[in-house]
Structure formats: C-alpha cells, structure tokens
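Residue strings, one per chain:
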Amino acid sequence: MENQKTKKTRILSGMRATGKLHLGNYFGAAKGMVALQSRKDYETFYMVADLHALTTPFSPKTLSQYRRNVMVDYLAIGLDPQRSTIFFQSMVPEHIELAYYLSTLVSVARMQHLPTFKEKVKQYPENVTLALLNYPVLMAADILIYQADLVPVGIDQEPHLEVSREIVRKLNQIYQLHLPQPRRFKTSGDYVPSLNGIGKMSKSVPGSFIALDDSLAVINQKIAKVPTDSGRGQIQLTQVDKKAGFQVTKRYFDARTNQESVGVGALMKLVELFMGEAKRAAFEHQYQAETLSYNQLKSQLAQAIFAEIEPIQRKKQSLLTQPNYLDEVIAHGAEKARAQAQITLKLVKKAFGLLN
Ligand code: AMP
C-alpha cells in the first residue's frame, strides 16, 4: 500500500462525452480543474467519461466525435498534459473491474431512489438499463481507483459523491482498508441555470445552453431568447439546502404580475459569473428602481461571455490542426492513469481474497 504520508492530494474529475461542453461544464467543473492542476501538492486526474456516455442513448459515430471533442476542449481550456493525467475512461479498463467489486456493497434500492436516476428515467423511459442504474457505482470506482480526495464537479453530482463516500466507508470497514472519502471541490458557478430559467444548463436539453464553441452571433441569439419581464420587480432571498452547499438563491418577481421571472434569475446569475458581483448588484438596483434595460443587459452579457470563451476557441482551432499531438496525449494519459489504477485494483482484489 502507498505511504499515505507522502501522498499528494489527489483530484479526479470528468465530463461525459455526450455533446459539446457548455458554460455549466466550464463554471461547474472545468475552471476548478484548471486551477487545481497548478498546485504542487496536488496530483490531478482528468478523464473524458466516455463509459458514462453509454448510460443514456448514444450513437457510436457521434460518441467517437464527442469524446475527441471533449479531449480537445480540455486542452483548449488549459488542462496541461505535463501537469495532469488526461485520459479516456474506457482506455483504463480497471475502472470497470473495480466498479464490479464495489457493486457488491450497494443495494439496488439505494440506486433506484437516487434523484438523478429518477430524473434520467423520466427523460429516457425507453432506456432504463442496468448501466444507468450502475452509474454512481462506476463513478465511485472512477474516484476511488485514484484514491482521490477532492472532486471538482457541479452541485448536481453531490448525491453521487454521497454514494461514493458510503461505498468507501463500507469498503474500509469490512476489508480494513484506509481509502479516502472524497469531497466535492466547490466553484462559484457550481450551478449554472438553463437559459430558459428552468433547471440547469444541460447538453441534453436543446435551448438550455451556450456551448464553448458558440460564436458571438449565436450567443446573442440565445441570450435574446431568454424570457424576461417588465423590468420592474422585487427580489426575494431564499435559503436552500445548506448541507448540499447551496446557501442563498435570489428569486425575481415582476412587480406588475407578481409572477416569478426565472429567466431574469438565469440572466443575473450569468452576469455575476461573467461580469462580477458588483455588476449584478448594479443591474439588480436598476431592476428594483424600474430603470433596467434588458436590451443593454443582454448585449453586454453576450459580449462578456464571448470575451471569455474566444481565446478557448482560438486555441481549439489550433489544436485541431495537430491530430498527432492529440493522439500522443491520449495514449500517454491512458498509460499514466493505468499505472495508478492498477495499484488500487490490486489492493482491493487482495482484500476480497482474489489475489494472493
Ligand atoms: P456532465 O456533462 O453531466 O458530465 O457534467 C460534467 C461536469 O459539469 C460535472 O462536474 C457537472 O457537475 C458539471 N455541470 C454540468 N452542468 C452543469 C451546470 N449547469 N452547472 C454547473 N455545473 C454543471
């Protein structure tokens, strides 16, 4: 077993290869991933979660494009193969093997009651597979196989992290192991709302997201469609689930109709993320003072978003002209990840009596 005293803090994160990365992925996970890789006392493992992409309907052709696209996006946002181990999940088959051992510790009922499972069942009633049910167990294996301490992911992943911790506790208790219980590394944008204000920004919901690839014209069009109100309103603060890390949300009500304006909430959150809290406060002041112009807010916001993602797009264009470099990064990442994954797998197999 590794010497726990000399072990650096380990980080694991990943994005499913189910479509283009969007601003939710960027703020909820990617920014944290980039920040953590520059710390000397941290060791970072970042996967393109292509196996998790099989838990919802997929086509082999697009899956193959999406996973390469996520890899290019990783490099374009600043993940550095010299500092981080960057790899395709499916190229490290140890994840699946460990997930099988871990599945012996989890009841079917526990998985069926997870809100994330129920949501996906609603979204894809024709695709309620064992792979979908097993998603959190595979995620626990992804984390545990690198003995990761911290996981930079959005708040939507908190129920899955709780499952990972439960599994580690059982594993440690039953088999006398000393594996770390993973915690979420929180970022300021750990919940980026959908553009229509209902639910979160999501790859699988058309019209809900701005992709990292979008041009200024497309961003302008998408922002223009965000529903607003008369621009004269009230703001209410709400306490929500402190345990999950969700402190306070703000809800906006149109003074004329007294209806909640969820689109305005989404715009204000994006203003905060891309233009800063002071700018959000200034727009809120105008909202309450009845002087807010949504045209102005929307065009300033679209420009601020584009200014942030344009350098990523330029880097991406340049990476796309270097297919050999990409292949090297992919092969090297898998090799490094496997070396580490095999250490934990051996430990668990031994504990289970499968290795002398
Ligand atoms: P996924 O695309 O579902 O694999 O998510 C990849 C990462 O992005 C995970 O860490 C998610 O928690 C995070 N993420 C996805 N959507 C959002 C969102 N709307 N707000 C914040 N984080 C998100």
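All figures in this text were calculated on a predicted structure; none of them were measured in a lab. Numbering of residues begins from 1 in every chain and follows the order in which that chain's sequence is written. Only residues with pLDDT of at least 70 are given local features in this predicted model, and only at 80 or more are side-chain atom pairs given and counted; all residues enter the totals for whole chains, interfaces and linings. Hydrogens are left out, water is left out, and the side-chain values use all remaining heavy atoms of the structure.

(A) Looking closely at the pattern of salt bridges. By convention in these notes, a salt bridge is any Lys or Arg side-chain nitrogen within 4 Å of a carboxyl oxygen on Asp or Glu. As enumerated under the stated definition, the model contains 26 salt bridges in all. Here Arg169 and Glu162 are joined by a salt bridge, their closest N and O atoms 3.7 Å apart. We note a salt bridge from Lys250 to Glu284, for which the minimum N-O separation is 3.2 Å. Of this pair, Lys250 sits in strand 7 (residues 248-254) while Glu284 sits in helix 10 (residues 277-289), placing them 34 residues apart in sequence. In this scheme, a residue with accessible area under 20% of its type's maximum is buried, one over 50% is exposed, and one in between is partly exposed, where area comes from a 1.4 Å probe on protein chains only. For Lys250, a relative accessible area of 34% translates into the label partly exposed. Taken together, the shared-partner salt bridges in this structure form one network comprising Glu158, Glu162, Arg165, Arg169, Arg184 and Asp190. Numbering of helices and strands starts at the N terminus; helices are DSSP runs of H or I of at least 4 residues and strands are runs of E of at least 2.

(B) Quick look at the environment of Tyr42. Among the secondary structure elements, Tyr42 is positioned in strand 2 (residues 42-49). We classify Tyr42 as buried; its relative accessible area is 14%. Separated by 137 residues in sequence, Tyr42 and Leu179 place their C-alpha atoms 17 Å apart. Here, two residues are considered to be in contact whenever any of their heavy atoms come within 4.5 Å of each other. Every residue in contact with Tyr42, bar those within four places of it in the chain, is listed here: Lys8, Thr9, Ile11, Leu36 and Leu150.

(C) The environment of Leu102, seen in detail. Residue position: Leu102 is located in helix 3 (residues 94-103). On the basis of relative accessible area, Leu102 is assigned to the buried category, the value being 0%. In this structure the C-alpha to C-alpha distance between Leu102 and Thr238, which are 136 residues apart in sequence, comes to 38 Å. Contacts of Leu102, omitting those with residues within four sequence positions, involve Val137, Ala140, Ala141, Leu144, Ile167 and Leu171.

(D) Broad picture of the domain arrangement of the chain. Assigned domains within the chain: domain 1 (9-190 + 322-351) and domain 2 (216-317). Computed from C-alpha coordinates alone, the two centres of domain 1 and domain 2 are separated by 31 Å. Contacts between the two partners involve 17 residues from domain 1, matched on the other side by 13 residues from domain 2. Considering only the surface of domain 1 that becomes buried against domain 2, Leu23, Phe27 and Ala76 emerge as the three largest contributors, covering 37% of it. In this assembly, domain 1 and domain 2 are joined by 2 salt bridges. For the domains described, the bounds stem from an automatic or database domain assignment. The term buried area denotes the loss of accessible surface (1.4 Å probe radius) that occurs when two parts are joined, taken as the sum for both partners.

(E) Fine view of the site of the ligand. Near, as used in this document, describes a residue that has one of its heavy atoms within 4 Å of the molecule or strand being considered. Every one of the 19 residues lining the ligand counts as a neighbour, but Arg16, Gly154, Asp156, Val192 and Lys203 are closest to it. For this analysis, a polar contact is any N or O atom pair within 3.5 Å, provided that within protein one partner can donate a hydrogen and the other can accept it, and provided that sequence-adjacent residues contribute only side-chain to side-chain pairs. One nitrogen or oxygen atom from the main chain of Arg16 is found 2.8 Å from an oxygen atom belonging to the ligand. Asn25 is positioned such that a nitrogen or oxygen atom in its side chain is 3.0 Å from an oxygen atom of the ligand. Residue assignment for the shell around the ligand shows that the elements contributing at least two residues are strand 1 (9-16) and helix 1 (23-37). Sorting elements by how many residues they give to the shell around the ligand places helix 1 first, with 4 residues.

(F) Region of interest: the packing of helix 1 against helix 11 (residues 294-319). To define axes, lines are fitted to C-alpha atoms, for helices over the stretch in contact only, and angles between the resulting N-to-C directions are given on a 0 to 180 degree scale. At a minimum axis separation of 13 Å, helix 1 and helix 11 run at an interaxial angle of 70 degrees. On the basis of their axis angle, the class for helix 1 and helix 11 is roughly perpendicular. Remark: the crossing between helix 1 and helix 11 carries left-handed chirality. Contacts between helix 1 and helix 11 involve Leu23, Tyr26 and Lys31 from the first element and Ile305, Glu308, Ile309 and Ile312 from the second. By the convention adopted, Pro, Cys, Tyr, Trp, Phe, Met, Ile, Leu, Val and Ala count as nonpolar, Lys, Arg, Asp and Glu as charged, and the other residues, Gly among them, as polar. Tallied by class, residues from the contact of helix 1 with helix 11 come to 5 nonpolar, no polar and 2 charged. Under this scheme an angle from 65 to 115 degrees is roughly perpendicular, one under 35 degrees roughly parallel, and one over 145 degrees roughly antiparallel; angles in between are oblique. Note on convention: the crossing is left-handed when the near helix lies turned anticlockwise from the far helix by less than a right angle, right-handed when the turn is clockwise.

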